[in-house]
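# Coordinate analysis (summary)
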Amino acid sequence: MDMIRIFCPATVSNLSCGFDVLGLALEEVGDEMTIRRTSGSELSILQSEGPEIPLDPDQNVAGVAARSLLDHLGIQDGFAIEIAKRIKPGSGIGSSAASAAGAVWGLNQMLGTPLSNQELLTHAMTGEAVASNAWHADNVAPCLLGGFVLIRSYDPLDVIQLSFPKDLALAIIHPHLEIKTAESRARLGDKILLKNAVAQWGNLGGLISGLASGDHGLISRSLEDHVAEPLRKHQIPRFDAMKSAAIEAGALGFGISGSGPSVYALCKGLDPAKEIGRHIAHSFEPQGIPFDLYCSRIHPEGIRIIP
Ligand code: ADP
């Protein structure tokens, strides 16, 4: 295969009670990536649309992830990776992860799938680490594998695809603010109180059980964050007002997507998600900061070929 064109979905990570261990892939929002074989042995990054990203392959997460995979496979062929960047970098819905995961998934397809999606994960994480300075998989894993995923363990890496009710959908507001992932992580420190840990793992178990059994009430009760949200929500203007608007309009839960500034509402159905999204947007508008509103189902496949 000399060329491939793929859709690389945006992802929502953490999902309130699953800091660094939960993530899901969206259906409607994502980048496009085209990978072509070239005659030399170089790896090059091109950008066809969207906000500026680094084009140096050592600075771009797609380049670093691709290099990691090609070195692992001992392949010295040249490839040009062209990115149509539709997920705004720094939005908190996995812009960098879409590129890191897309590069390794696309190359793996072109090379006749020598590795499984699970085996591609560490290469995508190597790329993702360039953007966030952290070794985390809660965006690259759902992007590569699709659906709702749990990272049960980082060492050794153990990623589980979860069952979830197919009617779930999300409304996401991306306020146009800059929150640096590294700074947002630093806010959390490295210790939590035992009572918060107990509440958090109770909710994480409850959420996974509710997803598996299709119990929307249990899903809703479990979407609480005792660890990151109390420390991070002050970075997002009108966070409490948006949360109240979402819950009053019928959302199952509301929280910060990744390290923000995007916020998400998990909803029962796409039409309710659109309605709830309008309510959240209405409560954010007085702030006067421009924002995007996205509404989407969860996509079971993640990255896919654009026919
Ligand atoms: P997000 O959660 O939206 O991915 P991050 O802060 O984790 O936000 O990543 C964005 C940072 O990664 C920006 O500094 C951006 O320049 C850098 N970056 C490098 N390569 C890419 C890429 N291919 N796509 C998006 N961002 C990239």
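Everything below is about the structure shown above.
Residues numbered from 1 in each chain as written. Predicted model: local features only at pLDDT ≥ 70, side-chain atom pairs only at ≥ 80, totals over all residues. Heavy atoms only, no water.

## Some thoughts on the packing of helix 1 (residues 61-73) against helix 2 (residues 95-110)
At a minimum axis distance of 8 Å, the contact between helix 1 and helix 2 shows a crossing angle of 35°. Two packed elements cross with a definite hand, and for helix 1 against helix 2 that hand is right-handed. Only Ser-96, Ser-99, Ala-100, Ala-103, Val-104, Leu-107 and Asn-108 of helix 2 make contact with helix 1, whose side of the interface consists of Val-61, Ala-62, Ala-65, Ala-66, Leu-69 and Leu-70. When grouped by side-chain class, the residues that make up the contact of helix 1 with helix 2 number 10 nonpolar, 3 polar and no charged. (Axes fitted to C-alpha atoms, helices over the stretch in contact; angles between N-to-C directions. Helix = DSSP H or I, 4+ residues; strand = E, 2+ residues; numbered from the N terminus. Left-handed = near helix turned anticlockwise from the far one by under 90°. Contact = heavy atoms within 4.5 Å. Nonpolar A, V, L, I, M, F, W, Y, C, P; charged D, E, K, R; others polar.)

## Here we look at the sheet that holds strand 7 (residues 168-175)
The strand order 8-9-7-10 describes an open sheet built from 4 strands, whose pairing is antiparallel. Sheet topology places strand 8 (253-256) and strand 10 (291-297) at the edges, where each strand pairs with a single neighbour. Across the sheet, the mean angle from the axis of one strand to that of its neighbour is 20°, orientation sign disregarded. Pairing of strand 8 with strand 9 (residues 263-268), which is carried by 4 bridges, proceeds in the antiparallel orientation. In the strand pairing of strand 9, Gly-253 is matched with Leu-266. (Pairing = 2+ DSSP bridges.)

## So, unusual backbone geometry
Phi is mostly negative for residues that are not glycine, and the peptide bonds are mostly trans. Put simply, Asp-155 and Pro-156 share a cis peptide bond, and its omega is 5°. Relative to the helices and strands, Pro-156 is located in the loop between strand 5 (148-154) and strand 6 (157-162). The residue after Gly-260, namely Pro-261, is reached through a cis peptide bond having omega 5°. One can find Pro-261 in the loop between strand 8 and strand 9. Of note in the backbone geometry, Asn-14 takes a positive phi value of approximately 75° without being a glycine. Structurally, the position occupied by Asn-14 is in the loop between strand 1 (3-13) and strand 2 (22-38). Of note in this structure, Asn-133 is not a glycine but carries a positive phi near 60°. Of note, Asn-133 is situated in the loop between helix 3 (117-132) and helix 4 (140-145).

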